[in-house]
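Residues per chain, in single letters:
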Amino acid sequence: MVENLIQVLWVEDDPQITLTYPIEAAQYGIQLVPFSCWEDAEKALVSDFKRWAAIVLDAKCKYKHDSHDNAAVFLTQAIHAIDTICANHHRILPWYVLSGGSEEELNDLIIDSREEWDGDWKQKKYYSKTTDREILFRKIPCHAKISPEMQIRLVYYPDVFRAIKKVELDLNMERHMEELLLPIHAMIYSGIEYNDKMTKVRKCIEMIFQSMAQHGLLPNKKQGEDIIVHDILVDKRGGINNTWCSMIISGLDIKKGEKITIKSYKNILPNVLKDSFQRLIEISAAYEHAENKGASEEQQKNSRQTSAFLDKIGNAPYLLRGMVMELCNIILWYAAYLEEHDDEEINALNWDVLKS
């Protein structure tokens, strides 16, 4: 094994190809390790699972030493085995089909799960030995490098990312959640560096509130083709007033002075999440605003004092980790709630913006 090359388990039984393709692949930082049948490849995959970064399958290969070349049998059995082995190890290995066969032969045999890591390859479901080798060899290192992110999305928190897609939250939501969740498993940051990502919690909550406005759960208005939060819920910085939004969905009225500005008629939050939104908003805001410098003595007293607390515990990452887990619960609840309450007009009956 060449340590600095990406290790790719390769099932190919043509001896001429197994001599030439590895030389090409090495130019892209890949070591293709050939096996002539799936039976041998599977043993290597199970016995040394951590070694492999990807799998490449020729379509017309033998399942066992004494089997005949049969694409239907080979691909069906091999892909099923890969899924089972990866599930046992709680990790995804990207696999690809590199074949000289035709689309008519192969398309129905290659399952769509490959799109989870190779969804941008739209030409066909496999790579042609004749025309697509270089493209595949360029892709494998890219997918290998992002594999920790892929594990976060597909292994550890698939329900959270499915919910984000289902609700059609802002695309940045996926990226923010990935950046918040990855360090919990990869340990790639110090406590201080990880805690500096706390502002992303506030941004994620703001995106949820923006989505709620689009679905009528918060006061909204049209801006061109888009539906956005009502002007009254926009703060001086031009951002969403997260505190007010959390109050409205909790069934609390918004007051300016002694006058009610927004009347809320319904608490849509389950008791378990009763305080979650406001808690996450206050903790992240206190960290982001550097303990409210310039704030009044009363405001300072009521602040969550996030930075001061983190300093006392040596900037340990556990507070933010707990907040991120709470945020996952909020995302899952919101997706489930929206599935049952998808009528924007009925949702808008939960609140009323009163005339001044």
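Note that the coordinates shown come from a computational prediction; the quantities given were computed from them, not determined experimentally.

## A closer look at the overall build of the protein chain
Here's step 1: Each helix and strand counted, the protein chain has 17 helices and ten strands in total.
Here's step 2: Rg of the C-alpha trace for the protein chain: 26 Å, well past the compact-globule value of 21 Å for 356 residues, more than 25% over.
Here's step 3: By principal-axis analysis of the C-alpha atoms, the protein chain measures approximately 85 × 50 × 35 Å.
Here's step 4: Relative to its full complement of 356 residues, the protein chain shows a buried share of 48%.

## Quick word on helix α1 (residues 15-26)
Here's step 1: Between its terminal C-alpha atoms α1 stretches 18 Å, which fits the 16 Å expected from twelve residues at 1.5 Å a residue.
Here's step 2: Every buried residue of α1 is listed here: Ile17, Tyr21, Pro22 and Ala25. For α1, the arc enclosing every buried residue in end-on projection is 115°, short of the 170-degree limit, so these residues lie on one face. More than 90 degrees from the buried face of α1, the exposed residues found are Pro15, Gln16, Leu19 and Ile23.
Here's step 3: Put simply, Asp14 is the residue that caps the front of α1, since its side-chain oxygen is 3.0 Å from the backbone nitrogen of Gln16.

## A look at the pattern of salt bridges
Here's step 1: All told, the structure shown has 20 salt bridges when counted by the stated rule.
Here's step 2: Where Lys129 meets Asp58, a salt bridge forms, and the shortest distance between an N and an O atom there is 3.4 Å. Separated by 71 residues along the polypeptide, Lys129 in the loop between β5 (127-128) and α6 (133-145) and Asp58 in the loop between β3 (54-57) and α3 (71-89) bring together distant segments of the chain. Both residues of the pair, Lys129 and Asp58, count as buried.
Here's step 3: A salt bridge links Lys139 to Asp120, with the shortest nitrogen-to-oxygen separation between them at 2.9 Å. Of the two residues, Lys139 is situated in helix α6 and Asp120 in the loop between α5 (115-118) and β5; the sequence distance between them amounts to 19 residues.
Here's step 4: Judged by relative accessible area, which is 12%, Lys139 ranks as buried.
Here's step 5: One connected set of salt bridges, linked through shared partners, spans Arg114, Asp118, Asp120 and Lys139.

## A few points about the packing of aromatic side chains
Here's step 1: Enumeration according to the criterion identifies eleven aromatic pairs in this entry.
Here's step 2: Both rings, one in Tyr28 and one in Phe137, keep their centres 6.1 Å apart while their planes meet at 40°; by these two values the pair is tilted. Here Tyr28, found in the loop between α1 and β2 (30-35), pairs with Phe137, found in helix α6; they are 109 residues apart in sequence, far enough to count as distant.
Here's step 3: With a relative accessible area of 24%, Tyr28 lands in the partly exposed category.
Here's step 4: Ring centres of Phe35 and Trp52 lie 6.4 Å apart, and the angle between their planes is 75°; on these two criteria the pair is classed as edge-to-face. Here Phe35 is found in strand β2, whereas its partner Trp52 is found in the loop between α2 (38-47) and β3, with 17 residues between them in sequence.
Here's step 5: Judged by relative accessible area, Trp52 falls into the buried class, the value being 2%.
Here's step 6: An aromatic cluster of at least three residues, connected via ring pairs, comprises Phe209, Phe277, Trp333, Tyr334 and Tyr337.

## Regarding the layout of surface pockets
Here's step 1: Of the pockets and cavities examined, the second largest pocket occupies roughly 380 Å³.
Here's step 2: Across the lining of the second largest pocket, the residue classes break down as six nonpolar, no polar and seven charged.

## Brief notes about the nonpolar core
Here's step 1: Core analysis: the biggest nonpolar cluster contains 59 residues, and Met177, Ile208, Phe209, Met212, Phe277 and Leu327 have the highest contact counts within it.
Here's step 2: When contributions to this core are tallied by element, the ones reaching two or more residues are α8 (158-167), α9 (171-186), α11 (199-214), α12 (242-249), α13 (276-288) and α16 (318-340).
Here's step 3: It is α16 that contributes the most residues to this core, 13 residues altogether.
Here's step 4: When near neighbours in sequence (up to four residues on either side) are disregarded, Phe209 contacts Leu218, Val229, Ile240, Asn242, Cys245, Ser246, Ile249, Phe277 and Ile281.
Here's step 5: In terms of nonpolar packing, the next biggest core, distinct from the first, is built from 52 residues, Val56, Phe74, Leu98 and Ile110 among them.

The rules behind the values
- Residues numbered from 1 in each chain as written.
- Predicted model: local features only at pLDDT ≥ 70, side-chain atom pairs only at ≥ 80, totals over all residues.
- Heavy atoms only, no water.
- Helix = DSSP H or I, 4+ residues; strand = E, 2+ residues; numbered from the N terminus.
- Rg over C-alpha atoms; globule rule 2.2 N^0.38 Å.
- Buried < 20%, exposed > 50% of the residue type's maximum accessible area, 1.4 Å probe, protein only.
- Expected span 1.5 Å × (residues − 1).
- Arc of directions from axis to C-beta.
- Polar contact = N/O pair within 3.5 Å; in protein donor to acceptor, adjacent residues only side chain to side chain.
- Salt bridge = Lys/Arg side-chain N within 4 Å of Asp/Glu carboxyl O.
- Phe/Tyr/Trp six-rings, centres within 6.5 Å; stacked < 30°, edge-to-face > 60°.
- 1 Å grid on protein atoms, 1.4 Å probe; cavity = no way out; pocket = protein on both sides within 12 Å on 5 of 7 lines; lining within 4 Å.
- Points joined across faces, edges and corners; volume = space filled by probe spheres on them.
- Nonpolar A, V, L, I, M, F, W, Y, C, P; charged D, E, K, R; others polar.
- Core = buried A, V, L, I, M, F, W, Y, C linked by side-chain atoms within 4.5 Å.
- Contact = heavy atoms within 4.5 Å.

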